[in-house]
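Take a look at the letters that make up each chain.
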Amino acid sequence: MNCPFCRNEESRVIDSRPVDEGTSIRRRRECTKCGSRFSTQETSVLSIIKRSGVAEPFSREKVINGVRKACQNRPVSEDDLALLAQQVEETLRATGQAEIEAQEVGMAILSPLRELDEVAYLRYASVYRNFSSLEDFEGEIALLRAIPSEKTSATKNQVSSPQLK
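On a predicted model such as this, the values are computed, not experimentally measured, just so you know.

About the criteria used
- Throughout, a residue's number is its position along its own chain's written sequence, starting from 1.
- Local features in this predicted model are restricted to residues whose pLDDT is 70 or higher, and side-chain atom pairs enter the listing and the counts only when it is 80 or higher, whereas totals over whole chains, interfaces and linings include all residues.
- In computing side-chain properties, one takes all heavy atoms of the structure into account and sets aside hydrogens as well as water.
- Axes here refer to lines fitted to C-alpha atoms; in helices the fit is confined to the stretch in contact. Angles between the N-to-C directions go from 0 to 180 degrees.
- Here a strand is any run of E in DSSP of at least two residues, a helix any run of H or I of at least four, and the numbering for each starts at the N terminus.
- Put simply, angles under 35 degrees are roughly parallel, angles over 145 are roughly antiparallel, angles from 65 to 115 are roughly perpendicular, and the rest are oblique.
- Each crossing is labelled by how the near helix is turned from the far one, with a counterclockwise turn of less than a right angle marking it left-handed and a clockwise turn marking it right-handed.
- Residue contacts follow a heavy-atom distance rule, with two residues in contact if any of their heavy atoms lie within 4.5 Å.
- When residues are grouped by polarity, Ala, Val, Leu, Ile, Met, Phe, Trp, Tyr, Cys and Pro land in nonpolar, Asp, Glu, Lys and Arg in charged, and all others, Gly among them, in polar.
- Between any two strands, at least two bridges found by DSSP are needed for them to pair.
- The classification of residues rests on relative accessible area computed with a 1.4 Å probe and restricted to protein chains. Under 20% of the type maximum is buried, over 50% is exposed, and intermediate values are partly exposed.

A. Representation of the packing of helix H2 (residues 78–94) against helix H3 (residues 102–116) within the structure. Interhelical geometry of H2 versus H3 gives an angle of 135° and a closest axis separation of 9 Å. When the interaxial angle is binned, H2 and H3 end up oblique. Considering how the two elements wind past one another, H2 and H3 form a crossing that is right-handed. Between H2 and H3, the contacting residues are Asp 80, Leu 84, Gln 87, Val 88, Thr 91 and Leu 92 on the first element and Glu 104, Val 105, Ala 108, Ile 109, Pro 112, Leu 113 and Leu 116 on the second. Class assignment for the residues of the contact of H2 with H3 results in nine nonpolar, two polar and two charged.

B. A look at the pairing of strand E3 (residues 37–43). With seven bridges connecting them, strand E2 (residues 24–31) and E3 associate as antiparallel partners. By the bridge assignment, Ser 24 is partnered in E3 with Thr 43.

C. Structural context of the sheet that holds E3. Taken in spatial order, the three strands of this open sheet run E1-E2-E3, and their pairing is antiparallel. In this open sheet, the two strands that pair with only one neighbour each are strand E1 (11–19) and E3. Taking the axes of each pair of neighbouring strands and ignoring which way they run, one obtains an average angle of 25° across the sheet. In this structure, E1 lies alongside E2, joined through eight bridges in antiparallel fashion. Residue pairing in the sheet places Arg 12 in a bridge with Glu 30 of E2.

D. Spotlight on unusual backbone geometry. Although it is not a glycine, Arg 7 adopts a positive phi angle of roughly 70°. Assignment of secondary structure puts Arg 7 in the segment before E1. On the accessibility criterion, Arg 7 (60% relative accessible area) is exposed. Positive phi is not limited to glycine here, since Asn 73 has a value of about 60°. With respect to the secondary-structure elements, Asn 73 resides in the loop between helix H1 (60–70) and H2.

On their own, these measurements won't tell you what the molecule is for.
Okay, structure coming up:
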């Protein structure tokens with residue numbers, strides 16, 4: 001890292017701390033030549049490789065916009081969508097890869113969306129997985145029923161348990 005005061009290439013790190021929910025690191029540095037102190041912020045870039053081969057930075061806003069269409073007229077708030085986008089980004093970053101295929105982003109959206117709202121999940125999956133017949137929908141609905149989400153299981157347990165007075 002070049003010193004902004006004397007342009008020396010050598011500096012030492014005095015302090016490091018995570019910022020922006022852990023997506024960046026702020027470092028306090030000291031130049032070994034002039035002794036001046038300065039701060040740097042380091043961010044890891046997560047690139048998405050589109051089908052055309054073009055790479056672009058990951059955008060939570062794009063995830064939210066894509067999922068928002070599936071959630072129209074559903075009881076899903078903007079905060080829910082922001083949390084979903086954060087979960088998707090965390091899942092992708094956990095792979096340790098700097099470049100992710102766009103297909104993997106779509107797959108990473110499916111699981112948290114299913115937990116959020118199963119109807120929105122079905123809508124999104126139908127477009128994302130190119131459902132072309134009623135059988136495709138029926139097969140996905142059968143899977144939803146066979147493997148209930150955590151949210152669905154919790155709701156059923158609340159409804160079926162007797163209330164004590």
